[in-house]
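# Architecture and fold: a report
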Amino acid sequence: MITEIAPAPERVAAEPARPGKKRRAWDEVPRWQIYVPLTIYLLFTLIPFYWILLFALRPAGSTSLVPWPMTFEHFEKVWTERGFGTYFTNSVYVGLATLVLTTVVALAGGYALARFDFRLKRGFMLALLCSQFVPGALLLVPLFQIFAKLQMINSLGSVVIAETVFQLPLSMILISGFIRNVPYSLEEAAWVDGCNRMTGFRIVVLPLLRPGLIAVGSFAFVHAWNHFLFALMFLSDQGKQTIPVGLNTLMSSDSVDLGALAAGGIIAAVPVVIVFAFIQKWLITGFSAGAVKG
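We now turn to the structure provided with this report. Everything numeric here is computed off the predicted structure, so don't read it as measured data. (Residues numbered from 1 in each chain as written. Predicted model: local features only at pLDDT ≥ 70, side-chain atom pairs only at ≥ 80, totals over all residues. Heavy atoms only, no water.)

## Some remarks on the overall build of the protein
Note the threshold: A helix here means a DSSP run of H or I that spans at least four residues, while a strand means a run of E at least two residues long, and both kinds are numbered starting from the N terminus. With a 1.4 Å probe rolled over the protein chains alone, any residue whose accessible area is under 20% of its type maximum counts as buried; one over 50% counts as exposed, and the rest are partly exposed. By definition, residues are in contact when any of their heavy atoms lie within 4.5 Å. Note on areas: Shrake-Rupley, 1.4 Å probe, and residue coverage restricted to the protein chains presented here.
Scanning the protein for helices and strands turns up 14 helices and 0 strands. The order of helices and strands in the protein, counted from the N terminus, is α-α-α-α-α-α-α-α-α-α-α-α-α-α. Of all 294 residues assigned to the protein, the portion counted as buried reaches 35%. Within the protein, residue pairs in contact and separated by at least 24 positions form 72% of the contacts whose partners lie at least 6 positions apart. Counting every atom, the protein has about 18,800 Å² of accessible surface; 68% of that belongs to carbon and sulfur.

Structure below.
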């Protein structure tokens with residue numbers, strides 16, 4: 001064994017060092033090749049946000065490239081005169097209701113897909129995947145007919161149900177992946193200790209699914225918050241419309257109030273930014289955990 005190991009240090013020691021010249025590994029990338037593309041991407045991303053802030057904070061008719069003197073008249077206008085206070089409340093209701101309903105139903109369906117074997121299970125999973133290729137516009141006619149018979153047109157509940165139906169396939173697939181990552185032996189140990197399936201799931205499995213549930217719930221909330229089509233088609237009363245539809249009312253064929261539109265866009269974006277700022281860690285952990293097994 002000694003004779004086999006001895007040549008290694010000799011080969012390393014025999015290799016001459018070149019003074020004054022740094023050695024670089026083949027896989028090392030120069031820093032400028034990283035920072036230059038990131039800087040370009042950062043400018044490409046931040047300049048539109050600055051432009052929106054500029055129109056929202058500078059006085060009407062100003063052409064300055066700096067929002068000074070700063071004014072909040074555009075925010076007051078859209079919040080009071082254009083009804084964005086009502087739109088904001090409706091969007092919060094639709095987003096939170098979609099979050100809760102999607103998470104609860106997807107949790108039950110994902111557990112069944114992860115823990116039970118039944119006939120046509122592979123076909124059902126394939127159908128869930130294929131449903132992601134169906135655009136939401138194709139669901140408008142059947143959903144409108146169903147809601148009309150249920151007398152739910154011009155109701156926020158119709159938008160919540162439509163958003164939940166649209167979000168369920170992907171949410172169910174993700175949660176089933178999260179549950180597969182939880183060892184089945186943990187549930188079996190809970191059953192041995194006297195817990196039934198529901199109690200064992202609540203005590204053992206559910207706390208371990210927190211990152212996945214936060215990821216799925218946040219994705220459902222953001223989609224419901226930003227979705228325009230269902231709210232436009234199912235809500236005709238202006239007092240029940242959501243923020244995306246409200247932003248559309250600020251644009252007309254004759255003129256566009258850029259200051260009010262920019263202020264409305266900031267009002268629509270701030271809640272989403274706050275949500276992602278608080279759940280960023282859980283969101284990344286959840287999606288990476290669900291992608292391990294499918």
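The rest of the description comes next.
## Some details on helix α10 (residues 197-208)
Definition in use: The span you would expect from a helix comes to 1.5 Å times its residue count less one. The arc in question is the one traced by the directions running from the helix axis out to the C-beta atoms.
Over its 12 residues, α10 extends 16 Å from the first C-alpha to the last, a length consistent with the 16 Å expected when each residue adds 1.5 Å. The set of residues buried in α10 consists of Gly200, Phe201 and Val205. Down the axis of α10, the smallest arc covering the buried residues is 95°, so these residues share one side. Against the buried residues of α10 lie α5 (84-115) and α9 (184-192).

## Regarding helix α11 (residues 210-226)
In a regular helix each residue adds 1.5 Å, so 17 residues correspond to 24 Å; α11 covers 24 Å between its end C-alpha atoms and thus fits that length. Of all 17 residues making up α11, 12 are buried, and the element is well covered by its neighbours. Listed as buried for α11 are Pro211, Gly212, Leu213, Ala215, Val216, Gly217, Ser218, Ala220, Phe221, Val222, Ala224 and Trp225.

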